[in-house]
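Notes for the structure review
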Amino acid sequence: SQKIEQNSEALNIQEGKTATLTCNYTNYSPAYLQWYRQDPGRGPVFLLLIRENEKEKRKERLKVTFDTTLKQSLFHITASQPADSATYLCALDVLEYGNKLVFGAGTILRVKS
Amino acid sequence: DAGITQSPRHKVTETGTPVTLRCHQTENHRYMYWYRQDPGHGLRLIHYSYGVKDTDKGEVSDGYSVSRSKTEDFLLTLESATSSQTSVYFCAISEDRDRGRGYTFGSGTRLTVV
């Protein structure tokens, strides 16, 4: 069966450290992979998109890697701040599903000062 | 959220009653989506639209119908609400994926079926 797996346990880190979140998938062949941030009571907010032929994408303190052989994406936040505390969602854009995204359940990140 | 609004924000309804949720966009985007979000399940696609009067089913479409008579509006209807449809419903819009931009989500509708 097709699955997208993100760490179900919350990730707790100290302010200033690098947070690394993992997204693993099985039985999908995504053309794109996206990361979103979601705060309590709000809708998800788009952060980054990476294409299948790209290994890495950066935006300010954010970095995403995409390994289609391992079927894994890593999402890094460097110099983390308490304001980065949120749930982070991974989503796959799969060609055979048309222009639709399939989401993982998300990982809660807590950054402590 | 800029360019997309959902109404109502909260609703409590009784089992067996019909419910309609509205999504309105001002971005003129072609694609619109309805997702539900439940603890442990993440976001699951209910229905989506790729143009006026063009809609299709998603992963969890049973018990739901949609309509899109105008580019800017996408309605989600629960024909006869059940307790299992208690959830947070999100609408989203998108352009063609090749533009490199993700989805824009609304703020959600929290629906409780009692």
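What you see is a predicted model; the values in this text were computed from it and never measured.

1. A closer look at the sheet that holds strand 7 (residues 62–67) of chain A
All names here are of chain A. Sheet architecture is open: 5 strands sit in the order 1-3-8-7-6, paired in antiparallel fashion. Two strands bound the open sheet, and with one partner strand each, they are strand 1 (3–6) and strand 6 (56–59). Within the sheet, the average angular offset between the axes of one strand and its neighbour, ignoring direction, is 15°. Here strand 1 pairs with strand 3 (residues 19–26) via 4 bridges, running antiparallel. By the bridge assignment, Gln-6 is partnered in strand 3 with Cys-23.

2. Some details on the sheet that holds strand 7 (residues 64–70) of chain B
Residues and elements named next belong to chain B. Spatially, 1-3-8-7 is the arrangement adopted by the 4 strands of the open sheet, whose pairing is antiparallel. Two strands close off the open sheet at either side, each with one partner strand: strand 1 (4–7) and strand 7. In this sheet, neighbouring strand axes are inclined to one another by 20° on average, regardless of whether the strands run parallel or antiparallel. Note that strand 7 and strand 8 (residues 73–78) share 5 bridges and pair antiparallel. Within strand 8, the residue paired with Tyr-64 across the bridge is Leu-78.

3. Examining the state of the cysteines
One pass over the structure, following the stated rule, counts 2 disulfides over all chains. In this model, Cys-23 of chain A is linked to Cys-90 of chain A through a disulfide, with the two sulfur atoms separated by 1.9 Å. Looking down the S-S bond of the Cys-23 of chain A and Cys-90 of chain A bridge, the torsion is -55°, so its handedness is left-handed. Note that Cys-23 of chain A is positioned in strand 3 and Cys-90 of chain A in strand 9 (residues 86–94), a separation of 67 residues in sequence. Disulfide pairing is shown between Cys-23 of chain B and Cys-91 of chain B; the S-S distance is 1.9 Å. One quick way to see it: the torsion about the S-S bond of Cys-23 of chain B and Cys-91 of chain B is about -75°, and its sign makes the bridge left-handed. Residue Cys-23 of chain B is located in strand 3 (residues 19–25), and its partner Cys-91 of chain B is located in strand 9 (residues 87–94); the two are separated by 68 residues in the primary sequence. Accessibility assignment for this pair places Cys-23 of chain B and Cys-91 of chain B in one class, buried.

About the criteria used
Residues numbered from 1 in each chain as written. Chains lettered and ligands numbered in written order. Predicted model: local features only at pLDDT ≥ 70, side-chain atom pairs only at ≥ 80, totals over all residues. Heavy atoms only, no water. Pairing = 2+ DSSP bridges. Helix = DSSP H or I, 4+ residues; strand = E, 2+ residues; numbered from the N terminus. Axes fitted to C-alpha atoms, helices over the stretch in contact; angles between N-to-C directions. Disulfide = S-S within 2.5 Å. Buried < 20%, exposed > 50% of the residue type's maximum accessible area, 1.4 Å probe, protein only.

Limitation: the analysis is restricted to geometry and does not speak to function.
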